[in-house]
Amino acid sequence: MEVKTICPHCGLLCDLTLLKEREILGTVPSPLCVKGLLAWTITYDQSRIYQPMMRKGRKHATIHWKEAVETMRRKIKNKGALTFVVSGSCTEEELAWIYSLSNSLGAPMVTTDPVLSASIFCKQATISDLETADVIFILGELLEFHPVLAGQILRSKYERGTRLFCLSSRLGPSSWFSETLQPLPGGESLVLLHMAQMLIQQGTYKKEQEKIPGFPEFRSTLKALPPVDRAGIKPLALSPVVDALAKAKKPLFVVTPSVTKTDNWKETLLSLSNLALLLDCGVLIVGGLEKGLRKYGVEEYDGKRKKVAFIFRSDPRSVDADFKILFTPYFVEEADLLIPIPCFTELSGTLTDADGGTKKLNKISDPPQDVREVGSILSEVVEELRPSSPPPKKPLFEFKEVKEKINVPRVSAGFPFLLYSQPTYFNFDWVKLKKLLDRFLDLKDSFELNPEDAERLGIKEGAEVMLRTEKEEFKRMALVRRSVPPGVIYLPDFKTCVAAVV
Amino acid sequence: MELYFDIDLCVGCHACELACALQNHGEKRINIEVFGGLFPLSGVCRQCENSPCVQVCPKEAIKRTGDAVKINENLCIGCRSCSIACPFGNIDFLESRRVSVKCDECLGRLKEGERPPCARVCPTGALRFCEYEEMEKVASTAKRRREMVGPRIFAWRPK
């Protein structure tokens, strides 16, 4: 029997057809990426929990539901010390329950996922705009994380002659098909601001956009920009890009989650937002599922230590709290109280995709006996709780000042390399899939290094190399690639910083 | 119907590789290679006419069946001659079972009228299971015209 649902792993929410008899057997092949093909396997993951678990000493022990509910009731009484941490993979129905509880308790709802759309103050585009745009400007790495979109983008390139530009520190799959600007990691914001400055100097921006609030202030900040050379790009390289964008009938900017790995990613997105306002075009955000969180006005986690944190489907390692209550389908060591909830195949609900539209998640199999949905658990903890809908919000277009223009980490004699990074997965479940994927394809944990540096250090392709950053040390396999410039090394899923090769 | 590969559309996403592994009990017959970190190529067997692997096999274990070239694993002695002979490097040797495996377009393992899973999952349409005429039509009507540059490989050829 074939059953239909959606893949919950990124903002595209691709259609997924699963083969099911008594249990789920596999995915019916359709245009998908590797995450989508393996998505169903997390239903039968070994680390799933079927009963509430509580930390007792060093180990976790299963407890009765009544005890778990009692503990939660006790913790809720302590008002003012509560925090609700939600993730993009929570369905809208779950968010409505959590929002209503956090509203009644006056506790903030935060997220540890980067909410890309929160940093954009201009028009947001949809995926269908990719088909009509004549110039597409990609910020970050798009094709590696969303190969399903690649079909659409390559079709518009080869069939309609769309020009593709890419701004990324590493020459990944997106840059194979586009004209690439390769700044130093962290220099993206400066490059985008220089492009805005060029547009204003040439007078090729859309004049009617001057009425939008904040334009005079933004214009005056552009006068005191550091030279673009500091971001590792020559000023001449920018002019063809700016010309193409100014002449285009319908330019489009695409943002991917790979921008979030630098410290100043919010400034980068603000700069992009200002540039898009100057050209009066939309920005398409293809990221995780954080658009649903935006509806509820969820803010980003500030990194401070909290007393009690209710964590829903998110990673407890990224939250600092005295007592962590985790609602999750899987066992996670770092939580103090684990509450089992259904995974995506055992749940029906709605998720928000990159367009801001909703897609339906279908229940394919029944959850295990003792596993209950978030709504029914929360309504038992607080009686007479009803799910509530979010307050409506108006879109706001505005030019914003960009404070931190450049944040390229300074290399020193001890740490001569700039480490550049991009995320390899967007949500918590993907870590489990990656282990499975490593078994099928022999992908190893590796890092990329320029041939010049490799020759100087005497490193050969495939060698095990020790990497050291200011905080930690680890071993990785070296790949000698021209995708990174000399002096930069690329390591997936890390943070931009300085590093040394030992 | 044959399996065609369009170099221009491959983004190296490993989806075909995984679909192949899932279909063939974890033994994949496609290897994605990225040449110089810039040029992805899905290493699927081209099913050459006059195949070198058929000619070198000392036990006549490799035979052309219809459109595909298939290894009879019962006859294979694991001498690896075919791996050496293959001009594309697309024949793998399995240490675990000591036989050679290659892509045979899932011959005999698919239902009537079904396409191989690698072609079905490819998100960009770089791997296509179709008649030559259909592939030619798709490649030649595009603004960037592709043509056949090798056995079952389509690419843009600079003039």
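This text gives an overview of the structure that appears in the document.

What counts, and at which threshold
Residues numbered from 1 in each chain as written. Chains lettered and ligands numbered in written order. Predicted model: local features only at pLDDT ≥ 70, side-chain atom pairs only at ≥ 80, totals over all residues. Heavy atoms only, no water. Pairing = 2+ DSSP bridges. Helix = DSSP H or I, 4+ residues; strand = E, 2+ residues; numbered from the N terminus. Axes fitted to C-alpha atoms, helices over the stretch in contact; angles between N-to-C directions. Contact = heavy atoms within 4.5 Å. Buried area = accessible area lost by both parts, 1.4 Å probe. Salt bridge = Lys/Arg side-chain N within 4 Å of Asp/Glu carboxyl O. Polar contact = N/O pair within 3.5 Å; in protein donor to acceptor, adjacent residues only side chain to side chain. Nonpolar A, V, L, I, M, F, W, Y, C, P; charged D, E, K, R; others polar. Buried < 20%, exposed > 50% of the residue type's maximum accessible area, 1.4 Å probe, protein only. Right-handed = clockwise from strand over helix to strand, strands pointing away.

In this section: the sheet that holds strand β23 (residues 488-490) of chain A. Residue and element names in this part refer to chain A. Read once around its circumference, the closed barrel built from six strands follows the order β19-β23-β20-β22-β21-β24, with strand pairing classed as mixed. Along the sheet, successive strands turn relative to each other by an average axial angle of 45 degrees, direction set aside. Bridging between strand β21 (residues 464-469) and strand β22 (residues 473-480) involves five bridges; their strand directions are antiparallel. Bridge assignment links methionine 466 to a residue of β22, and that residue is lysine 475.

Contact with chain A, which involves 30 residues of that partner, is made by 29 residues of chain B. When chain A packs against chain B, close to 2400 Å² is buried across both sides, 72% of that on carbon and sulfur atoms. When the buried surface of chain A facing chain B is broken down by residue, Tyr158, Trp176 and Phe440 of chain A rank first, second and third, together holding 29% of it. Counting across the chain A and chain B interface gives zero salt bridges. Between the two partners, chain A and chain B, sit four residue pairs in polar contact (both at pLDDT 80 or more). Looking at the side of chain A that touches chain B, the elements with two or more residues in it are α1 (34-38), α5 (147-160), α6 (173-176) and α13 (430-440) of chain A. A per-class count over the side of chain A that touches chain B returns 22 nonpolar, three polar and five charged.

This paragraph deals with the pairing of strand β6 (residues 82-86) of chain A. Residue and element names in this part refer to chain A. Within β6, five of the five residues are buried, which leaves the element mostly enclosed by the surrounding structure. Strand direction decides the pairing type here: β6 and strand β7 (residues 109-111), joined by three bridges, are parallel. Note that in β7 the partner of phenylalanine 84 across the bridge is methionine 109. For the handedness criterion, the β-α-β arrangement of β6, helix α3 (residues 92-105) and β7 is classed as right-handed.

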